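A look at the structure
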Amino acid sequence: MTPILGSRLFDIAKEVGLISEGYVWIMTNGMTNLWSWMDHSDMESLQGVLGVRNYVPKSKELESFKVRWKRKFLQDNPSMVNAELDIFGLWAYDAAFALAMAVEKLNNANFSFEEPKAVGSARTDLESLGISQNGPKLIQALSSTRFKGLHGKFEFVNGQLEPSVFQIVNVIGNGEKAIGFWTSKYGLIKKLNFTNSRGYSTSRANLGTIMWPGDSHSVPKCKRLKIGVPVKKEFKEFVGVPPGSSPNSRVNPTGYSIDVFEAVMKAMPYTIHYDFYAFVSTDGEDIGAYNDLIDQVFYGKYDAAVGDISIVANRSLYVDFTLPYLASDVVMVVPIKNNSNKNALVFLEPLTGDLWVMSTCFFVFIGFVIWVLEHRISEDFRGPPSHQVGTSLWFSFTTLVFAHQERVVSNLSRFVVIIWCFVVLILTQSYTASLTSLLTVKQLKPTVTDVNELLKSGENVAIEKGSYFGGFTQQLNFNSANVKTFNRTDVLDELFTKGSANGGIAAAFMETPSVNTFLDKYCMKYTTAGPTIKTGGFGFVFPKGSPLVADVSRAILNVTESDKMREIENKWLKNHCTASSTLASSNRLDLGSFWGLFLITGVAAALALIIFVADFLYKQRHVLCGSEVSAWKRILQVFRNFDRRDPTSLTFRQSELTEGRRIDNIEMMDAAKASLNTNCPYCASNLTRQI
């Protein structure tokens, strides 16, 4: 800021009374370094102002240079009388001196410039500049240059000049008074030769006496913020104001929002003084409408508002919100009912309809696959068609209780049966567990699960008094006559008890923090249902354009990331309700839980079927490839061959061997009997013959 613009700023500030007792003005070095250029009349507006500027130690060389410079400057500019050399001129002189020293270090280096290569027909002035051949060497020489310049020690540290010492001055009368210094090592000190044994200091006690605006020697106190807090009859976990508080009276509220705000104020980089004021009507009752509290901040009655105030888009048109300190969503609260199943078909409830259908289809499919694989080699799967169908289905369904007695011979059949038994085991165990839960655990379900159900039946709903949900219910197309309000949890419970048909309600729309508090009190009677609608959360309210919003938001982030926020939540918002664990959203087993098992079984069965068919057709290739008969007759012949026994099967070969042994045994027994009859004289046959 130039001296002319700075003087105009302070003249206007003095006219409006901002250069008076109770105010503090601190200027940075950009303005303080140029005080010497300002007239004495302009200094009247700077009384009590503090300034910070680069400190230039006095020396004979500096004084001699100033005299020579001023003589030369006045010769060239005789019309300028009050010319003074400022810090910028000293920096420029020392910079030129350092550059000259760096050039001398390079001795007789070539300082020629390389012409840049032309990129196009049109070039800017910067693009036409030459490139130094010794630039890197010059930079290295300049970085190592050290000397005592006019403004002090000249030395580069990591490519930057060594941090300067800043002098703190106080404008008094037509001059200024040095009250101390600031260094990067010691902080605030009164004298430069002072050795601070305690290390870095920010204490104001290390500075001299300051005269503040308004010729005051007492430290100005910051304005105490007037913060409005809502008065509520319920949900005092967030904001609790002592009963009987009168309007515009200071109060000491408690609650989650208050503790968070106080923790945020302690995390601020500077001190803020504040008082809480109850936003209450003249009769001491709660006003209720949060929009009215926000309006008071907009009109300037309060400097801020603290409470369970939701961040809403239309509110942000009039005030500024900080970042949310608590997430909040809109949910629907409904009563819960006991859904215990007492009907005769309760055994069908554990599985959904699609899972029942899929399981039945797979039982039939597995029975068919086993019949195909075993028909030619097992007597259990042969016989009349009705017998074969019954045996296949019997075999498949008896795997439910692992009571199948039919013998499977093929290795492919055994492979399929093993996988299918594993699937049946998992399915039956899951069914048993789900059925046990349905019959023994108390099933609690919400009475309403969708907003559209309320709209179709014309049910009454409720919202919290003073909340912004009035517009929300209108957006959901609820009739205003069907929307009721409540300000206490017992009133809400009474509305639910009456029911919509008796002037009560069927559901209520609330924010999640309030819902948790309500459910903690009525744990086993209500629950949440329907979709969750995202909102901006709870935030602190400040006037539009307040400079505190950014700092408070950063402090909120620091608090929420610390253990302090967890301590506050455990203190105020700890939910003891465990009813949600008993709610039966859906205990039925669906196809999505078992599709992987069915897929594995289907692939295994299909693979076994493909291998069998391929092997069988390969063995029947002489029939399929014959040219004596038509193709249809060849196909019929293949099916006839499939229906016959497989003579090469080990099962039938063992049966034939067993049958041959049985016939031999019978013949031997007959021969033995004949021999006995011939040799026995008293046998009946011989006696008959003799007679």
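Residues numbered from 1 in each chain as written. Predicted model: local features only at pLDDT ≥ 70, side-chain atom pairs only at ≥ 80, totals over all residues. Heavy atoms only, no water.

Some words on the overall build of the protein
What counts here: To qualify as a helix, a DSSP run of H or I must reach at least 4 residues; to qualify as a strand, a run of E must reach at least 2; elements of each kind are numbered from the N terminus. To sort residues, take the accessible area from a 1.4 Å probe on protein chains only and compare it with the maximum for the residue type: under 20% means buried, over 50% means exposed, and anything in between is partly exposed. Residues count as neighbours in contact if any of their non-hydrogen atoms are within 4.5 Å of one another. The Shrake-Rupley method, run with a 1.4 Å probe, gives the accessible areas here. Residue values count only the displayed protein chains as cover.
Scanning the protein from terminus to terminus reveals 21 helices and 23 strands. Counting all 691 residues of the protein, 39% fall into the buried class. In the protein, 69% of the contacts between residues at least 6 apart in sequence involve partners at least 24 apart. Summing over all exposed atoms, the protein offers an accessible surface of approximately 40,200 Å²; the carbon and sulfur share of this is 57%.

With respect to unusual backbone geometry
Outside of glycine, negative phi angles account for most residues, and trans bonds account for most peptide bonds. In the Ramachandran plot, Asp215 falls in the positive-phi region, its phi being about 55 degrees despite a non-glycine side chain. Within the element layout of this structure, Asp215 appears in the loop between β11 (187-189) and β12 (225-230).

Remarks on a nonpolar patch on the surface
Put simply, the test is: Patch members must show over 30% relative accessible area and no salt bridge, and they are joined within 9 Å when carrying like charges or within 5 Å when they are nonpolar side chains of Val, Leu, Ile, Met, Phe, Trp or Tyr. What makes a salt bridge here is a side-chain nitrogen of Lys or Arg within 4 Å of a carboxyl oxygen of Asp or Glu, nothing more.
Taken together, the side chains of Val364, Val389, Leu393, Phe397, Leu400 and Val401 present a nonpolar region at the surface, about 480 Å² in accessible area. The biggest single contributor to the nonpolar patch is helix α9 (residues 385-397), with three residues. Its location among the elements puts Val401 in the loop between α9 and α10 (411-440).

Quick notes on the environment of Ser201
When you line up the elements, Ser201 lands in the loop between β11 and β12. A relative accessible area of 14% means that Ser201 is categorised as buried. Spatially, the C-alpha atom of Ser201 lies 9.2 Å from that of Lys185, the residues being 16 residues apart in sequence.

Quick notes on the packing of aromatic side chains
Condition: For Phe, Tyr and Trp, where Trp contributes only its six-membered ring, two rings pair if their centres lie within 6.5 Å, and the inter-plane angle classes them as stacked under 30 degrees, edge-to-face over 60, or tilted in between.
A complete count under the given rule lists 39 aromatic pairs for this structure. Look at Phe88 and Trp91: their rings are 5.7 Å apart centre to centre, the planes differ by 90 degrees, and that puts the pair in the edge-to-face class. In this pair, Phe88 and Trp91 are both assigned in helix α4 (residues 87-105), three residues apart and thus about one turn of the helix distant. With a relative accessible area of 29%, Trp91 lands in the partly exposed category. Taken together, a centroid distance of 6.2 Å and an interplanar angle of 35 degrees make the contact between Tyr256 and Tyr325 tilted. Residue Tyr256 is located in helix α6 (residues 256-266), and its partner Tyr325 is located in the loop between β16 (319-321) and β17 (329-338); the two are separated by 69 residues in the primary sequence.

A closer look at the sheet that holds strand β2 (residues 50-54)
Here is the rule we go by: Each pair of strands is called paired provided DSSP finds at least two bridges between the two strands.
Taking strand neighbours across the sheet as the criterion, the five strands line up as β1-β2-β9-β10-β11 in an open arrangement whose pairing is mixed. Among the strands making up the open sheet, the edge pair consists of β1 (26-27) and β11.

As for the pattern of salt bridges
By the definition in use, this model includes 14 salt bridges. One salt bridge in this structure joins Asp329 and Lys534, with 3.5 Å as the shortest N-O distance. Of this pair, Asp329 sits in strand β17 while Lys534 is found in strand β22 (residues 526-534), placing the two residues 205 residues apart along the sequence. Relative accessible area serves as the criterion here: at 16%, Asp329 is assigned to the buried category. The exposure class of Lys534 is exposed, given its relative accessible area of 66%. Arg488 serves as the salt-bridge partner of Asp490, at 3.0 Å between the closest nitrogen and oxygen. With a relative accessible area of 33%, Asp490 lands in the partly exposed category.

Description of the confidence of the model for the protein
Close inspection of predicted coordinates is inappropriate in any region flagged by low pLDDT. Put simply, the rule reads: One confidence number per residue, pLDDT, is output by the predictor and ranges from 0 to 100.
Per-residue pLDDT for the protein averages 81, and the proportion of residues at 70 or more is 85%. Averaged pLDDT values for the elements of the protein fall to 45 in helix α21 (residues 684-690) and rise to 96 in strand β23 (residues 541-543). The low-confidence segment residues 683-691 (pLDDT under 50) makes 10 contacts with residues lying over four places distant or belonging to another chain.

Quick look at the nonpolar core
Stated formally: Residues belong to a common nonpolar core when they are buried Ala, Val, Leu, Ile, Met, Phe, Trp, Tyr or Cys residues joined through side-chain atoms within 4.5 Å.
Val264, Leu492, Phe540 and Val552 are the most contacted members of the largest nonpolar core, which totals 52 residues. With residues up to four places along the chain from it excluded, the contact list for Phe540 reads Ser257, Val260, Phe261, Val264, Ala305, Val306, Asp320, Phe321, Thr322, Tyr325, Val552 and Ile556. Counting 33 residues, the second-largest nonpolar core is a separate cluster that includes Phe381, Val416, Phe594 and Val638.

Structural notes on the pairing of strand β10 (residues 175-183)
Examined bridge by bridge, strand β9 (residues 166-172) and β10 share seven bridges and lie antiparallel to one another. Bridge pairing in β10 links Gln167 to Phe181. Taking the residues that link successive antiparallel strands as the turn, the β9-β10 hairpin has two residues, and the phi of Gly173 there is positive, at about 65 degrees. Of the strand pairs in this sheet, β10 and β11 are connected by three bridges, and their pairing is antiparallel. Counterpart to Thr183 in the pairing with β11 is Gly187. Once β10 ends, the chain turns through three residues before running back antiparallel as β11.

Side note on helix α17 (residues 595-619)
We count it as follows: By this rule the span expected of a helix is its residue count minus one, scaled by 1.5 Å.
Over its 25 residues, α17 extends 36 Å from the first C-alpha to the last, a length consistent with the 36 Å expected when each residue adds 1.5 Å. For α17, the full list of buried residues reads Leu597, Phe598, Thr601, Gly602, Ala604, Ala605, Ala608, Leu609, Phe612 and Phe616.

What to know about the side chain of His151
Short version of the rule: Polar contact is defined as a pair of N or O atoms within 3.5 Å, subject to the rule that within protein one atom must be able to donate a hydrogen and the other to accept it, and that residues adjacent in sequence are counted only when both atoms are side-chain atoms.
Assignment of secondary structure puts His151 in the loop between β5 (147-148) and β6 (153-154). There is a polar contact of 2.4 Å between the side chain of His151 and the side chain of Asp94. Excluding its chain neighbours within four sequence positions, the residues that come into contact with His151 are Tyr55, Val56, Pro57, Ile87, Leu90, Trp91 and Asp94.

Notes on the packing of α17 against helix α19 (residues 631-643)
For clarity, the cut-off: Fitted lines through C-alpha atoms serve as axes, helices being fitted only where they are in contact, and the angles separating the N-to-C directions of these axes extend from 0 to 180 degrees. Angular relationships are summarised with four words: roughly parallel below 35 degrees, roughly antiparallel beyond 145, roughly perpendicular across 65 to 115, and oblique for the angles in between. Each crossing gets its hand from how the near helix is turned against the far one by less than a right angle, where anticlockwise is left-handed and clockwise is right-handed. Any residue outside Ala, Val, Leu, Ile, Met, Phe, Trp, Tyr, Cys, Pro, Asp, Glu, Lys and Arg is labelled polar, Gly included; the first ten of those are nonpolar and the last four are charged.
Direction vectors running N to C along α17 and α19 enclose 110 degrees, while the axes themselves pass 11 Å from each other. The angle between α17 and α19 falls in the class roughly perpendicular. The crossing of α17 and α19 is right-handed. Facing Phe612, Phe616 and Leu617 of α17, the residues of α19 in contact are Val638, Asn641 and Phe642. When the residues that make up the contact of α17 with α19 are grouped by side-chain class, the tally is five nonpolar, one polar and no charged.

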